[in-house]
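# Chains, contacts and geometry: an overview
Given next are the chains, with one letter for each unit.
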Amino acid sequence: MLDIKNLHARIDGKDILKGIDLRIGAGEVHAIMGPNGSGKSTLSKLLAGHDDYTITQGTVSFDGADLLELNPEERAAKGIFLGFQYPVEIPGVSNMVFLKAALNAQRKIRGEKELDAADFLSWVKHRVKQMQMNPAMLSRGVNEGFSGGEKKRNEILQMLVLEPKLMVLDETDSGLDIDALKIVADGINLMRSKERSVLLVTHYQRLLDYVKPDFVHVLAEGRIVKTGGPELALELEEKGYGWIQQAA
Amino acid sequence: MSTNQEDIQALVRNRTYSAGFVTDVDSETIAPGLSEDVVRAISARKQEPEWLLEFRLKAYRRWLKMTEPKWAHVQYPPIDYQAVSYYSAPKSMKDAPKSLDEVDPKLLETYKKLGIPLREQEMLAGVQPQVAVDVVFDSVSVGTTFRKKLAEAGVIFCSISEAVREYPELVRKYLGTVVPFGDNFYAALNSAVFTDGSFVFIPKGVRCPMELSTYFRINERNTGQFERTLIIAEENSHVSYLEGCTAPQRDENQLHAAVVELVALDDAQIKYSTVQNWYPGDENGVGGIYNFVTKRGDCRGQRSKISWTQVETGSAITWKYPSCILRGDDSVGEFYSVALTHHRQQADTGTKMIHIGKRTKSTIVSKGIAAGHGQQAYRGLVRVLPGAEGARNYTQCDSLLIGDKCGAHTFPYTEIRNPSAILEHEATTSKIGEDQLFYARSRGIAEEDAVSMIVNGFCKDVFKELPMEFAVEAQKLLSVSLEGSVG
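This text gives an overview of the structure that appears in the document. Since this is a predicted model, take the numbers as computed values, not measurements. (Residues numbered from 1 in each chain as written. Chains lettered and ligands numbered in written order. Predicted model: local features only at pLDDT ≥ 70, side-chain atom pairs only at ≥ 80, totals over all residues.)

### Some remarks on the overall build of chain B
Looking only at helices and strands, chain B features 13 helices and 23 strands. Looking at the 487 residues of chain B, the share that counts as buried comes to 56%. Sequence separation of at least 24 residues holds for 84% of the intrachain contacts in chain B that already meet a minimum separation of 6. (Helix = DSSP H or I, 4+ residues; strand = E, 2+ residues; numbered from the N terminus. Buried ≥ 20, exposed ≤ 12 C-beta atoms within 10 Å, placed from the backbone. Contact = placed C-beta atoms within 7 Å.)

Take a look at the structure:
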């Protein structure tokens, strides 16, 4: 589904990614862990189409298309979803209006029929219920005045509504208490299927207790320095990152 | 695919003005120039009583001694007041029509194009939300709808010329009592040469059964529009009034200097909404309307309330400060404003809240959006006089910048002469966030739709004050103004 080859990227003249190779197959869950500043967030934003970064080498293909040729909205319509580490507030624009505009914009790009107000409403309410959120949040501004935990939960709600193929979740677990973490994890698991893939970017093992990864990668200084199964995450939790960086 | 400021500017660069067409009608226009003779000619053509001619002449003589105000944060070449024609009327209007059936079909067509179908509107009555409309084409009113139904409620809604003929005592009692003829340079000019406008009278205890609205249209070249609107709400009455404005696309600047006076007696409420879309000029600042307007409401009675809501997207230059004189005890003044400037548009707008009565309250919410090379100034005065015990004001002014060649400025003035007054002031200036844009785009929303969505969200506090249909219109207008490809 996603095939990243020898990806190099820089920002403000500084090299951040220095040759990433990563393949994610349909139905797989990958976790990327690594110390601060290793390039985890850069990789996530770059996949969604953020243009602060200059790509100096490498290719990224997604479902056979050259991802780097597409703008962010086209990527979204093709099925890439980025759960933001710091979800953005858009005051005065209700979650309902925002989500409907997003879903219908994607459907339009894909040449599908747009949902009318009634169909959309019942769909979004169904998802709100699954995320155990108060439906009143739909008429509030996008992330406006939301707590950190509410924002993260809202990211997962958006994901459930938009039903992407590849879910890139950038530290979605940070700032969540254990109950909220459970709900967020349930949301992610709800979306897992043979056709959908997940890329979890995280610092901690604890999310992986709930969302079991197929592969764990360690990112350090812009490269994937180690890949393993779920047991690698446990090992990292115990020993930290130092030993891998030295070994690499 | 980039979301940097330059591209955001590119998005807002190509604005189209859909009301920019010219209607081909034979017009009778007084030759350009201003003199006592011209003032007399206007008054004679309108068969006005002697007192009104005197009012005009006093204003004209005062105007001659006044100078154009220079304090506003706007720049433009000197205006040659002798090059302007002060009166223009479609010829077919000479023997004023008695009903819409007698109105030149070309004029009806013009309003239809603008989305104001006068005739259908009357026919559809009862099906759609009812709005009575008065339309002013260049210098004259061409027709008012729903007059009968309003008359049954005792409401008078007609052109001011007609009011001068039919209800001279009412006009004489109130005209110039809120904005005196010598109030300021443009108000004096208007008082001398005003040609038409709307007149509204809501008698005691009457809640006006429908929205009232006036559409102003400048059609002739080199013509100024000097309309005069007077709204009187007697004790315990209630009215909501809306004005809309458009003009053809022309290379010359055209002058629009209106005066609006509102009077609210005890327990009366007036809600006055404006959607101003005069031609803004082109990308390089060629052409466009100079919109120099004096609007003032007098909360003359106790517990009266006047509320101004304005959406200003047009005009090359806007200079207007809809104000409230809070004379009656416990009276309330409100000002909600959205002003958008881009290309070379300039706006210096805001309000004045003059607290005279006890426990008077005022609210100011101003949202300024500047794009391209647009310049935007909020200028507001809150004055609390010694007798205004317990006066309160809340002011919020927010500016949103799109790109880095535009500017937003805030000039709040306060003069407090009663220590019991409580004032709150909040102000923010923000750039349309690249992070907001990326967030919306990463969800599939195209960049220009995202810009318009964010701007509409920014204006929400003001739009919710507009009557429903007009809120939708305002939202569309803003989107059209911001989108590069629409229209």
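Let's pick the thread back up.
### Some details on the sheet that holds strand β1 (residues 2-11) of chain A
Residue and element names in this part refer to chain A. An order of β2-β1-β4-β5 is seen for the four strands of this open sheet, with the pairing classed as antiparallel. Edge positions in the sheet fall to β2 (14-24) and β5 (65-66), since each of these pairs with one other strand and no more. Where strand β4 (residues 54-62) lies against β5, two bridges are found, and the strand directions are antiparallel. Bridge assignment links F62 to a residue of β5, and that residue is A65. Helix-sheet contacts for helix α1 (residues 40-48) involve β1 and β2, and the interaxial angle to β2 is about 70°. (Pairing = 2+ DSSP bridges. Axes fitted to C-alpha atoms, helices over the stretch in contact; angles between N-to-C directions.)

### Points about the interface of chain A and chain B
Listed as interface residues are 24 residues of chain A and, on the opposing side, 19 residues of chain B. Elements that contribute at least two residues to the side of chain A that touches chain B include exactly α2 (72-78), β7 (90-94), α3 (95-109) and α5 (148-162) of chain A. Tallying contributions element by element places α3 of chain A first for the side of chain A that touches chain B, with five residues. Tallied by class, the residues present in the side of chain A that touches chain B amount to 15 nonpolar, seven polar and two charged. (Nonpolar A, V, L, I, M, F, W, Y, C, P; charged D, E, K, R; others polar.)

### Some details on unusual backbone geometry
Located in the positive-phi region is D267 of chain B, a residue other than glycine, with phi close to 60°. Tracing the backbone shows D267 of chain B in the loop between β11 (259-264) and β12 (269-276).

### Let's talk about helix α9 (residues 185-193) of chain B
Among the nine residues in α9 of chain B, eight count as buried, and that is most of the element. Those residues of α9 of chain B that fall on the buried side of the exposure criterion are Y186, A187, A188, L189, N190, S191, A192 and V193 of chain B.

### Focus: helix α4 (residues 117-130) of chain A
The first and last C-alpha atoms of α4 of chain A sit 20 Å apart over 14 residues, in line with the 20 Å expected at 1.5 Å per residue. Where α4 of chain A ends, the next residue or the one after it, Q132 of chain A, has phi of about 50°, a positive value. (Expected span 1.5 Å × (residues − 1).)

### Comments concerning the nonpolar core
Residues V168 of chain A together with V200 and A233 of chain B are the most contacted members of the largest nonpolar core, which totals 185 residues. Look past the residues within four positions of V200 of chain B in its chain and what remains in contact with it is I156, F157, L212, I231, I232, V239 and Y241 of chain B. (Core = buried A, V, L, I, M, F, W, Y, C linked by C-beta atoms within 7 Å.)

### Section: the packing of α4 of chain A against α5 of chain A
Residue and element names in this part refer to chain A. Between α4 and α5, the least distance of the axes is 9 Å, while the angle of their chain directions is 135°. Comparing their axes, α5 and α4 come out oblique. Read as a crossing pair, α4 and α5 show a hand that is right-handed. Residues W123, V124, R127, V128 and Q130 of α4 touch α5, and the partners they reach there are L157, L160 and V161. Per-class residue counts for the contact of α4 with α5 are six nonpolar, one polar and one charged. (Parallel < 35°, antiparallel > 145°, perpendicular 65-115°, else oblique. Left-handed = near helix turned anticlockwise from the far one by under 90°.)

### Points about the environment of F226 of chain B
Residue and element names in this part refer to chain B. Within the secondary structure, F226 is located in the loop between β7 (211-217) and β8 (228-233). Using a count of 25 C-beta atoms within 10 Å as the deciding quantity, one classes F226 as buried. Taking C-alpha positions, F226 is 8.3 Å from G197, a pair spaced 29 residues apart along the chain.

Spatial relationships are all this shows, so hold off on functional conclusions.
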